[in-house]
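Structure assessment
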Amino acid sequence: MFPKFLKIGTVHYSYVQDVQVNEKNRTILSGGANGFLFHELSERLGFDYELYIPKDGQFGSMNSDGEWTGMLGMLHRGEIDLAFGSLIIDEDRFNYFQMIPFTLHRFTFATNQPKFQASESSFEKPFQTDVWLSCVLAYILTTIVLWIFANIHRLYMKKRAPPRDHLLMNVQKNIICEPGKYRFPQRNRVLQCSDNFSRKGRKNTTLKEFKALEPSNRSLSFAKLALEMIRIALRQNLTLQNARASSSNAVLGSWMIACLFLTYSYSVVLLSFMTLPPVRKPIKTVEQLANAVNNHNFKVFSHSSKTVLDIIQSNPLLNGIVEKINERKWFFNKDGYPQNFDNDSAIIDTTKHLRIRYGVKPFTNKFISDDMISVVQAGLAVSKTFCCKKELRWHINRIIETGVYKKGWSRALLKAFNDRPLEVDQSSIRPLSLYDFKSMFYFLIGGLAFAGFVLLIEMISAVKFNAKFV
């Protein structure tokens with residue numbers, strides 16, 4: 001027969017087991033996930049209770065003198081019948097008390113969400129290094145190929161071209177003028193037909209208009225061609241006239257199409273990088289956390305409980321971290337979570353407790369890792385001589401299997417979410433600032449300085465060249 005009255009020891013833990021004093025001056029479990037479980041047990045087993053809170057407000061552990069402290073100390077001394085809470089089941093507790101598990105503690109860590117990092121070299125980030133090198137290589141090769149094709153075509157057409165006089169004679173024959181009104185001034189090189197039009201509807205026809213019939217004797221400048229290729233990449237008008245060969249046009253067309261895709265891709269990705277900058281690489285795993293603490297000025301906060309510290313130390317990756325936590329007093333209590341710790345800090349606790357305190361995505365500015373430090377069972381404790389351990393265990397298992405306890409956690413998360421101010425990082429989207437264009441101005445200033453240097457070299461070279469002929 002289950003007792004009708006129990007002395008229950010517990011501690012206050014916001015949103016997990018809320019302990020309050022009601023209007024009748026009675027201490028009760030008013031809410032929280034564990035409080036929901038306790039009320040279900042009380043109704044199903046039909047017992048009344050009185051709550052006792054330990055003076056130190058701790059669950060309890062065995063000290064160096066072999067004595068139990070906190071709530072478990074009260075249970076060990078017989079002051080209470082049941083110690084209620086999510087007590088981690090370790091070897092000492094298992095040997096001294098009858099532990100009845102009802103949940104799992106998955107220990108992990110939380111850090112601040114990685115911040116967006118603005119970069120003055122954001123204009124380089126849309127393409128990786130190998131893409132930039134490929135673009136430069138393609139530009140050089142295309143310019144060389146186009147220059148070779150254009151000059152080969154010029155030499156080939158020059159050999160097959162008719163004499164200049166014959167070409168001019170053919171041009172003159174194509175213009176019909178009245179007798180006595182034809183003249184060919186040499187100074188302005190204009191063929192005129194006074195008051196009459198040619199068959200093509202032209203009144204004044206210059207020799208420049210017929211220049212296309214005569215191959216040019218001038219070779220195509222490589223420097224000018226290189227600038228023209230840059231003009232195409234920058235989506236400027238093409239001023240190139242010497243490259244008339246079909247092969248040259250094919251090369252130009254290929255370069256134009258390639259630049260079309262490259263420039264539009266670059267523009268879109270660049271705007272994305274500047275308005276939504278990349279974030280710092282977050283610490284996601286326990287191994288990364290250990291490396292950050294050992295190699296950098298990184299802090300890790302934890303419960304001061306010996307049981308929790310033993311769990312952290314049980315992970316081989318975190319052996320040295322516990323020593324630093326004890327040495328530098330990186331502790332916090334159950335209701336003393338640091339809300340605004342800096343970017344070089346982490347907090348170790350269970351996944352459920354971290355979500356209760358800091359929320360879940362996207363309504364949080366904290367990052368809760370999916371990598372587990374350790375997974376342990378937790379539950380309530382009774383003395384070894386308690387009469388109804390099997391009946392108590394059976395009802396707890398029924399509450400868990402039917403999803404009632406999970407429902408209690410859902411209510412606790414919702415209540416914590418409603419009570420907590422909304423913490424969403426609004427700095428992800430921002431207007432462009434002068435800092436974003438700093439690299440562009442550096443590039444412009446560097447180009448102007450280089451142009452001035454080249455001008456100075458040209459002036460010195462011109463002075464030396466003229467001095468030879470004076």
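Listed under Sequence similarities (unreviewed entry) in UniProt, the entry text for the protein is "Belongs to the glutamate-gated ion channel (TC 1.A.10.1) family." Here is the UniProt Subcellular location (unreviewed entry) comment for the protein, exactly as written: "Cell membrane".

Attention now moves to the overall build of the protein. Helices and strands together make up the secondary structure of the protein, namely 14 helices and 14 strands. Taking the contacts inside the protein whose residues are at least 6 apart along the sequence as the reference set, 69% of them involve residues at least 24 apart.

So, about the packing of helix H9 (residues 306–314) against helix H10 (residues 319–328). Taken N-terminus to C-terminus, the directions of H9 and H10 make an angle of 145°; their axes are 7 Å apart at the nearest point. For the pair H9 and H10, the contacting residues are Leu309, Ile312 and Gln313 in the first and Asn319, Val322, Ile325 and Asn326 in the second. Of the residues that constitute the contact of H9 with H10, the class distribution is four nonpolar, three polar and no charged.

A few words now on the confidence of the model for the protein. Averaged over every residue, the pLDDT of the protein is 77; the share at 70 or more is 74%. The element-level mean pLDDT for the protein is lowest in strand S7 (residues 182–183), coming to 42, with strand S14 (residues 374–382) highest at 93. With pLDDT under 50 throughout, residues 171–215 is counted as low confidence; its partners more than four residues away or in other chains account for 58 contacts.

In total, this model carries 12 aromatic pairs according to the counting rule given. Summarising the aromatic geometry, the rings of phenylalanine 38 and phenylalanine 47 are spaced 6.0 Å apart at their centres and angled 80° between planes, so their arrangement reads as edge-to-face. The two residues phenylalanine 38 and phenylalanine 47 agree in class, both being buried. An angle of 85° between the planes, with centres 4.8 Å apart, marks the rings of phenylalanine 38 and tyrosine 49 as edge-to-face. Of the two residues, phenylalanine 38 is situated in helix H1 (residues 33–45) and tyrosine 49 in strand S4 (residues 48–52); the sequence distance between them amounts to 11 residues.

This paragraph deals with the nonpolar core. Phe2, Ile8, Phe84, Leu380 and Leu392 are the most contacted members of the largest nonpolar core, which totals 34 residues. At the level of secondary structure, the elements contributing two or more residues to this core comprise strand S1 (5–9), H1, S4, strand S5 (82–88), strand S6 (98–112), S14, helix H12 (389–401) and helix H13 (404–419). Counting residues per element, this core draws most heavily on H1, at six residues. Once residues lying within four places of it in the same chain are set aside, the contact partners of isoleucine 8 are Phe38, Tyr49, Glu50, Leu51, Tyr52, Ile80, Leu82 and Phe84. Counting residues in hydrophobic clusters, the runner-up holds 31 residues, among them Phe107, Val322, Ile348 and Val376.

The subject of this paragraph is the state of the cysteines. Scanning the entire structure with this criterion turns up zero disulfides. Of the cysteine sulfurs around cysteine 259, a residue in no disulfide, the closest is that of cysteine 135, at 8.5 Å.

Glancing now at the pairing of strand S10 (residues 299–303). Among the five residues that make up S10, four are buried, leaving the element largely enclosed by the rest of the structure. The sheet contact formed by S10 and strand S12 (residues 345–350) spans three bridges and is parallel. From the neighbouring strand, phenylalanine 301 faces S12, where its bridge partner is isoleucine 347. One ladder, built from two bridges, connects S10 with strand S11 (residues 331–332); its direction is parallel. In the sheet register, histidine 303 faces S11, and the bridge partner there is phenylalanine 332.

We now examine the layout of surface pockets. Rolling a probe over the atoms, with the probe sized like a water molecule, indicates the empty space that remains. If you add up the space inside the largest pocket, you get close to 710 Å³. Those elements that provide at least two residues to the lining of the largest pocket are helix H4 (129–160), helix H6 (222–233), helix H7 (246–275) and helix H14 (438–468). Of the residues assigned to the lining of the largest pocket, the class counts are 15 nonpolar, two polar and two charged.

With that settled, consider unusual backbone geometry. Peptide bonds are, in most cases, trans, and in most cases residues other than glycine have a negative phi. Even without being glycine, tyrosine 15 reaches a positive phi, approximately 70°. You can see tyrosine 15 is positioned in the loop between S1 and strand S2 (18–21). Residue tyrosine 15 is classed as buried on the basis of its relative accessible area, which comes to 18%. Backbone geometry places lysine 329, a non-glycine residue, at a positive phi of 55°.

A contiguous nonpolar patch, built from Val136, Ile140, Ile144, Val145, Trp147, Ile148, Phe149, Ile152 and Phe222 and spanning about 720 Å² of accessible area, is present on the exposed surface. Looking at the nonpolar patch, the element that brings in the most residues is H4, giving eight residues. Within the element layout of this structure, isoleucine 148 appears in helix H4.

Once that is clear, we can look at the environment of arginine 357. Relative to the helices and strands, arginine 357 resides in helix H11 (residues 351–358). For arginine 357 and leucine 413, which are 56 residues apart along the polypeptide, the C-alpha to C-alpha distance reads 9.0 Å.

Moving on to the side chain of threonine 263. Within the secondary structure, threonine 263 is located in helix H7. Reaching out from threonine 263, the side chain makes a polar contact with the backbone oxygen of leucine 260 at a distance of 3.2 Å. Aside from chain neighbours lying at most four places away, what touches threonine 263 is Ala233 and Arg235.

With respect to the helices and strands, the residue aspartate 349 is situated in strand S12. Buried aspartate 349, no salt bridge; nearest opposite-charge side chain is arginine 357, N-O distance 6.5 Å.

Below, the discussion takes up H11. Burial of H11 is extensive: six of the eight residues sit out of reach of the surface. Taken residue by residue, H11 has Thr351, His353, Leu354, Ile356, Arg357 and Tyr358 as its buried positions. Elements that come into contact with the buried residues of H11 comprise S6, S12, strand S13 (366–368) and H13. Of the residues flanking the end of H11, it is glycine 359, one or two places downstream, whose phi is positive at about 85°.

Looking at the secondary structure, you find valine 269 in helix H7. Valine 269 gets classed as partly exposed once you look at its relative accessible area, which sits at 28%. Note: C-alpha distance between valine 269 and lysine 125 (144 residues apart in sequence) is 8.5 Å.

Reading guide: rules and limits
Residues numbered from 1 in each chain as written. Predicted model: local features only at pLDDT ≥ 70, side-chain atom pairs only at ≥ 80, totals over all residues. Heavy atoms only, no water. UniProt positions renumbered as here; feature names shortened; annotations may be inferred. Helix = DSSP H or I, 4+ residues; strand = E, 2+ residues; numbered from the N terminus. Contact = heavy atoms within 4.5 Å. Axes fitted to C-alpha atoms, helices over the stretch in contact; angles between N-to-C directions. Nonpolar A, V, L, I, M, F, W, Y, C, P; charged D, E, K, R; others polar. pLDDT = per-residue confidence, 0-100. Phe/Tyr/Trp six-rings, centres within 6.5 Å; stacked < 30°, edge-to-face > 60°. Buried < 20%, exposed > 50% of the residue type's maximum accessible area, 1.4 Å probe, protein only. Core = buried A, V, L, I, M, F, W, Y, C linked by side-chain atoms within 4.5 Å. Disulfide = S-S within 2.5 Å. Pairing = 2+ DSSP bridges. 1 Å grid on protein atoms, 1.4 Å probe; cavity = no way out; pocket = protein on both sides within 12 Å on 5 of 7 lines; lining within 4 Å. Points joined across faces, edges and corners; volume = space filled by probe spheres on them. Patch = residues over 30% accessible without salt bridge, like charges linked within 9 Å, V, L, I, M, F, W, Y side chains within 5 Å. Areas by Shrake-Rupley, 256 points an atom, 1.4 Å probe, with all protein chains shown as cover. Salt bridge = Lys/Arg side-chain N within 4 Å of Asp/Glu carboxyl O. Polar contact = N/O pair within 3.5 Å; in protein donor to acceptor, adjacent residues only side chain to side chain. Lys, Arg positive; Asp, Glu negative; His and termini not counted.

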